[in-house]
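These are the residues of each chain, in order.
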Amino acid sequence: MTEPDFDAVVVGASVAGCTAARLFAQRGARVALVERRPDLDAYKTVCTHYIQPSATPTIEKLGLAALIEEHGAVRNSIDLWTPYGGWIRDRGGAPYGYNVTRQVLDPLLRRLTAETPGVELLPGHTATELLDGGGGPGVVVEDRHRARRALRGRLVVAADGRDTHLARMAGVKGRMRPHNRFFYWAYWRGVEPAGDRSRMWFMEPDCAYTFPNEDGLCLILAAPHRDRLPEFREDLEGAYMSYIAALPDGPDLSRATRESKLLGKLDLPNVSRPAARPGLAFVGDAALASDPLWGVGCGWAFQSADWLVQETADTLVGGGDLDAALDSYRKVHRRRLGPHHFLISDLASARPANPLERVMYRSAASDDDVWRTFEGIGSRRRSPATLFAPGTLARMARAG
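Quick summary incoming for the structure in this document. (Residues numbered from 1 in each chain as written. Predicted model: local features only at pLDDT ≥ 70, side-chain atom pairs only at ≥ 80, totals over all residues. Heavy atoms only, no water.)

**Quick look at the overall build of the chain**
Put simply, the rule is: Elements are defined by DSSP. Helices are runs of H or I of four residues or more, strands are runs of E of two residues or more, and each kind is numbered from the N terminus. Note that the radius of gyration is over C-alpha atoms, with the globule rule given as 2.2 Å times the number of residues to the power 0.38. The rule is simple: take the accessible area with a 1.4 Å probe, protein chains only, and divide by the maximum for that residue type; under 20% is buried, over 50% is exposed, in between is partly exposed. In what follows, a contact means two residues having at least one pair of non-hydrogen atoms within 4.5 Å.
Of the regular secondary structure elements, the chain holds 12 helices and 22 strands. Over its C-alpha atoms the chain spans a radius of gyration of 22 Å, differing by no more than 12% from the 21 Å that the globule rule assigns to 400 residues. Dimensions of the chain along its principal axes, counting C-alpha atoms only, are 65 × 50 × 40 Å. Expressed as a percentage of its 400 residues, the buried residues of the chain come to 55%. Across the chain, contacts joining residues at least 24 apart in sequence account for 73% of those joining residues at least 6 apart.

This is the structure in structure tokens:
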């Protein structure tokens, strides 16, 4: 069989794809990175870009943390309001993630990756065909002038988002779970209270949040139940402003200025698929697209790409059973993110809180130990199963 030109062919040069390409190349792999947009400074606009603390080690490993902080990225913490006890305040001392707009994040990460020895970036190219058989797996790409090129590698990585074309080409179907909320948001300047702390309202069934970002920008999002969609369609501006004004202890916009149009997303089902099959791996939203209300998309894009490299790089570069390594990645992905995705998908139904959740919210507002467990689950650093530790349940019962 002809030796492939690359060790890995990564399709999609957003967060997950760039992370996989740079980390693979740092481990000695030859990587083709395919990106349909021709502009290196292109960025994703439909994203709320709250990056959970669970992703910070990967961001640091990439050499990206210092770059985004130089451009004003905010080290995030968050307060959560529920009807069961009011505010659950961040107590400090927990690991931080980042609030940073994609306009800053995407170009920095893409250029950092393009400058990595071993990475060949192909901007303005679209994957049109998935290859298999003789010569190893790969993709056929087409540039803006319809010129075609076959890219062969031992591994193809699908990093092309929740609507992944590679999954359709490969016949890998996703499991869909419904979502009963929709989203509208805008960027503001001069929001009170000022500061770097994010705030979230989990109100049953409606939700909202405010995320401070670089350059004094604050993202303010409304996430109503789908039953309220006619209200927003009839008068989007009025419905959005009324919704934000009605938040308990909500943001003060009396002296604020809106710096963007209203952005929206009406249909975002939760989608999961196996993270790997022979010769093909999925990372980021291509593997798992969960309710964006919980700010997991960017973080899991960084983390899943990192796990893929950890499990497969040595085999990819040094030879060995790549399919076994991919199966190991699939299991890691399922073990680390499966319980979180199940919980998030359940909450996306907009159901009322169950008795255990009500006790958890009340006790997390008043008990430091319960808050630490709550924070670890919410920041996706700990499994939801840790909530059921006997000591935690006992403290919840006493505090709640």
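From this point, the discussion proceeds with the structure in view.
**So, the side chain of Ser-77**
Along the chain, Ser-77 falls in the loop between strand E4 (74-76) and strand E5 (78-82). If we ignore the near neighbours within four places in the chain, the residues touching Ser-77 are Tyr-50, Asp-90, Arg-197 and Ser-198.

**A short note on the sheet that holds strand E12 (residues 175-177)**
Heads up, the rule is: At least two bridges found by DSSP between two strands are what make those strands a pair. All axes are obtained by fitting lines to C-alpha atoms, using only the stretch in contact for helices, and the reported angles, taken between N-to-C directions, cover 0 to 180 degrees.
Read across the open sheet, the three strands follow the order E12-E19-E22; overall the sheet is antiparallel. Strands at the two margins of the open sheet, each flanked by one partner only, are E12 and strand E22 (288-289). Here strand E19 (residues 270-272) pairs with E22 via two bridges, running antiparallel. Among the inter-strand pairings, Ser-272 is bridged to a residue of E22, identified as Leu-288. In the packing of helix H9 (residues 322-347) onto the sheet, contacts are made with E12, E19 and E22, and the angle to E19 comes to roughly 155°.

**Brief notes about the packing of aromatic side chains**
Put simply, the rule reads: In this scheme Phe, Tyr and Trp rings, the latter by its six-membered ring, pair at centre separations within 6.5 Å, and the angle between planes marks the pair as stacked below 30 degrees, edge-to-face above 60, and tilted otherwise.
If you walk through the whole model with that rule in mind, you get 12 aromatic pairs. Taking 6.1 Å as the distance between ring centres and 80° as the angle between the ring planes, the aromatic pair formed by Phe-182 and Tyr-184 counts as edge-to-face. Here the aromatic rings of Tyr-209 and Phe-211 are separated by 4.0 Å at their centres, their planes lie at 10°, and the arrangement is stacked. Comparing Tyr-209 with Phe-211 shows no difference in burial state: the two are buried. A connected cluster of aromatic rings, assembled from ring pairs, spans Tyr-84, Phe-202, Trp-294, Tyr-361 and Phe-374.

**A short note on a nonpolar patch on the surface**
The following threshold applies: Patch criteria: residues need more than 30% relative accessible area and no salt bridge. Like-charged residues are merged within 9 Å; nonpolar side chains of Val, Leu, Ile, Met, Phe, Trp and Tyr are merged within 5 Å. Surface exposure here means Shrake-Rupley accessible area, sampled with a 1.4 Å probe, where a residue is shielded only by the protein chains that are shown. By salt bridge we mean one thing: a side-chain nitrogen of Lys or Arg within 4 Å of a carboxyl oxygen of Asp or Glu.
Taken together, the side chains of Leu-356, Phe-388 and Leu-393 make up a nonpolar region of the molecular surface, amounting to roughly 250 Å² of accessible area. Turning to its location among the elements, Leu-393 is positioned in helix H12 (residues 390-399).

**Observations regarding the pattern of salt bridges**
Taken as a whole, this structure holds 28 salt bridges when the rule is applied. Across the salt bridge formed by Asp-206 and Arg-228, the nearest N and O atoms sit 2.9 Å from each other. Residue Asp-206 is found in the loop between strand E14 (198-202) and strand E15 (207-212), and its partner Arg-228 is found in the loop between strand E16 (217-223) and helix H6 (229-234); the two are separated by 22 residues along the sequence. One salt bridge connects Arg-258 with Glu-237, and the closest N-O pair in it is separated by 2.7 Å. Highlighted residues: Arg-258 in strand E17 (residues 257-258) and Glu-237 in helix H7 (residues 236-245), separated in sequence by 21 residues. Judged by its relative accessible area of 30%, Arg-258 falls in the partly exposed class. Residue Glu-237 is classed as partly exposed on the basis of its relative accessible area, which comes to 41%. Through salt bridges with shared partners, a single ionic network connects Glu-129, Glu-142, Arg-146 and Arg-148.

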